[in-house]
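Structural overview for review
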Amino acid sequence: MAYSDKVIDHYNNPRNVGTLDKAKNSVGTGLVGAPECGDVMRLQIEVDENQIITDAKFKTFGCGSAIASSSLATEWLKGKSVDEALAIDNMDIVEELALPPVKIHCSVLAEDAIKSAINDYRVKNGLPALEMPKSHH
Amino acid sequence: MLTFPIYLDNNATTPLDPRVLEAMMPYFTGKFGNAASRNHAFGWHAEEAVDYAREQIASLINCSPKEIIFTSGATESDNLAIKGVFEMYASKGNHIITTTTEHKAVLDTCKHIEKIGGKVTYLPVNAEGLIDLQQLEEAITDKTILISIMYGNNEVGVIQPIREISAIAKKRGVLFFTDATQAVGKIPVDVEADGIDLMAFSGHKMYGPKGVGALYVRRKNPRVKVTAQMDGGGHERGMRSGTLNVPGIVGLGKACEIAKQDMEKDTARLSAMRDRLEKELLTIEESYVNGSREHRLPHVTNISFKYVEGEGLMMGVKDIAVSSGSACTSASLEPSYVLKALGLSDDLAHSSLRFGLSRFTTEEEIDFAINHVKEAVAKLREMSPLWEMFKEGIDLNSIEWADH
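Procedures and definitions
- Residues numbered from 1 in each chain as written.
- Chains lettered and ligands numbered in written order.
- Predicted model: local features only at pLDDT ≥ 70, side-chain atom pairs only at ≥ 80, totals over all residues.
- Contact = placed C-beta atoms within 7 Å.
- Helix = DSSP H or I, 4+ residues; strand = E, 2+ residues; numbered from the N terminus.
- Nonpolar A, V, L, I, M, F, W, Y, C, P; charged D, E, K, R; others polar.
- Core = buried A, V, L, I, M, F, W, Y, C linked by C-beta atoms within 7 Å.
- Buried ≥ 20, exposed ≤ 12 C-beta atoms within 10 Å, placed from the backbone.
- Pairing = 2+ DSSP bridges.
- Axes fitted to C-alpha atoms, helices over the stretch in contact; angles between N-to-C directions.
- Parallel < 35°, antiparallel > 145°, perpendicular 65-115°, else oblique.
- Left-handed = near helix turned anticlockwise from the far one by under 90°.

Here we look at the interface of chain A and chain B
Listed per partner, the contact involves 25 residues of chain A and 27 residues of chain B. Mapped onto the side of chain A that touches chain B, the elements with two or more residues apiece are β1 (27-34), β2 (39-47), β3 (53-61) and α2 (64-77) of chain A. If one sorts the elements of the side of chain A that touches chain B by residue count, β1(A) sits on top with 4 residues. By residue class, the composition of the side of chain A that touches chain B is 13 nonpolar, 8 polar and 4 charged.

Written out as structure tokens, the structure is:
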């Protein structure tokens, strides 16, 4: 399968690979996917007192599209408010990266990772967990 | 000088040997006759060329030229052998024994047999990829008509104990068919010494052309027959109708002749190169060879690199052409059933690469491949949450993964 130039770029030069201190209350961690399915994404956000995401990091075990989806997600998250981050839809990622239909699940996983990281942050800070809007799998 | 990408997927197909192409060329144009035309020189030349190819092939596998049935490839040969025996020997029984690690051409044909009233036993393999001979013997019933077990596996290269299997088959009066697509032309295959009754193989896995293959069908001790699966002019002793693919057959013949002549030299060179590649790649932490290293084809190795995903790895090794045990093409990812049958967990199966070397692979190409794979694995592990957890001593099995 031919990958789009944007996927190749994210794969070759992934943005924001790394780890934030998950013990901090300002950090939310989302770990989604499963090794036996061939993709696992860990996405982390650091949120300041104004509910702005100041940093985002990822690590992904998966195909090029999965790596690119999570790399792109971290790029988009930085500087957004938590509410704005919640509005990121997987189809935005599909469009930006020109993912073919068989790779849409990679974008779904990235959206799940964002929401799961936000929920982790909310729970840590005494807020109720949000219901995951879609069940994709 | 290296040309990219470097081709290391020779279990999928091999390039045509230029000597084979040269032998084929005249049969596309000047000598274009139909081998079944008995009335003129065009037909006679074509028939002569086909007969010569039969001899070249027979000489490689030690059979009579009359025992070679030409087909379009190994998939057709597998179908003809299994369905043909099932129909021909219906009065004797309806039970076939095979293994879980066969090629799809055998497995799907067996599934078809089950749909039309046959019974099939799928023998498991051990972690090495080998069947248990005692299990085989115990699976035989008075209804068993065929044992279908591959010679060398396409994904891991494991060679089954062919002579022991055929001895059991002979003792119990059951026919033995082997899909030897990966073995013929690569290692010595002798249908007499190996006790094989039917054998499938094809041209394009041994530097011959695509679209041509053969089924060996034993004529003596016992005399084996298969029911034709295509109706027509009754070519190939009535077992396979259809105008013979003369240039293809000439190519297959020439490929067999070269294989016989170069096998010893090729095997020594390829196994040394394969061993070097394998030894170097095993210096990567948490990497494992899949399948038996003792009973194996000389030009193949299948290695899992834990904590990196196969398709991501394939993208990282874009300068070499290899196959992955992962098929990440849908929401429900299917890891290789062969690796699963060897007992690999899904994540290890997803993390595997298959390297298949050829007569044309060079030491320089292997050097490049070693470094290329090492770099890609290191880069992906840097990005892998699983690798980080492993390094932190977290047991991945202790994590409740989302239902995906």
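That shown, we press on.
Re the nonpolar core
In this structure, Ile82(B), Leu175(B), Leu198(B) and Tyr216(B) are the most contacted members of the largest nonpolar core, which totals 88 residues. Residue contacts for Leu198(B): discarding those within four places in its chain leaves Ala81(B), Leu175(B), Phe177(B), Leu215(B), Tyr216(B), Val217(B), Arg218(B) and Val224(B).

Regarding unusual backbone geometry
All names here are of chain B. With an omega dihedral of -10°, the bond running from phenylalanine 4 to proline 5 counts as a cis peptide bond. You can see proline 5 is positioned in the segment before β1 (6-7). Proline 222 follows asparagine 221 through a cis peptide bond whose omega is -5°. Take proline 222: it is sitting in the loop between β8 (213-217) and α8 (246-281). Positive phi values are uncommon outside glycine, yet asparagine 221 reaches one of about 50°.

What about the environment of Leu43(A)?
All names here are of chain A. Relative to the elements of secondary structure, leucine 43 occurs in strand β2. Note on leucine 43: 31 C-beta atoms within 10 Å, which makes it buried. If we ignore the near neighbours within four places in the chain, the residues touching leucine 43 are Gly30, Phe58, Ser70, Ala73, Thr74, Ala113, Ile114 and Ala117.

A closer look at the sheet that holds β8(B)
Residue and element names in this part refer to chain B. If you walk across this open sheet you meet the 7 strands as β2-β8-β7-β6-β5-β3-β4, and the pairing is mixed. Here the strands that pair on one side only, and so sit at the sheet edges, are β2 (68-71) and β4 (119-123). When the angles between neighbouring strand axes are averaged without regard to direction, this sheet yields 20°. Contacting β5 (144-148) and β6 (175-179), helix α6 (residues 162-171) runs over the sheet at an angle of about 155° to β6.

Brief notes about the packing of helix α3 (residues 74-88) of chain B against helix α4 (residues 104-115) of chain B
Residue and element names in this part refer to chain B. Closest axis-to-axis distance for the α3/α4 pair is 9 Å, and the angle between their directions is 30°. Taken together, the axes of α3 and α4 are roughly parallel relative to one another. Between α3 and α4 lies a crossing of right-handed hand. Together, Ala74, Thr75, Asp78, Asn79, Ile82, Lys83 and Phe86 of α3 and Ala105, Val106, Thr109, Cys110 and Ile113 of α4 make up the contact between the two elements. In terms of residue class, the contact of α3 with α4 is made up of 7 nonpolar, 3 polar and 2 charged.

Spatial relationships are all this shows, so hold off on functional conclusions.
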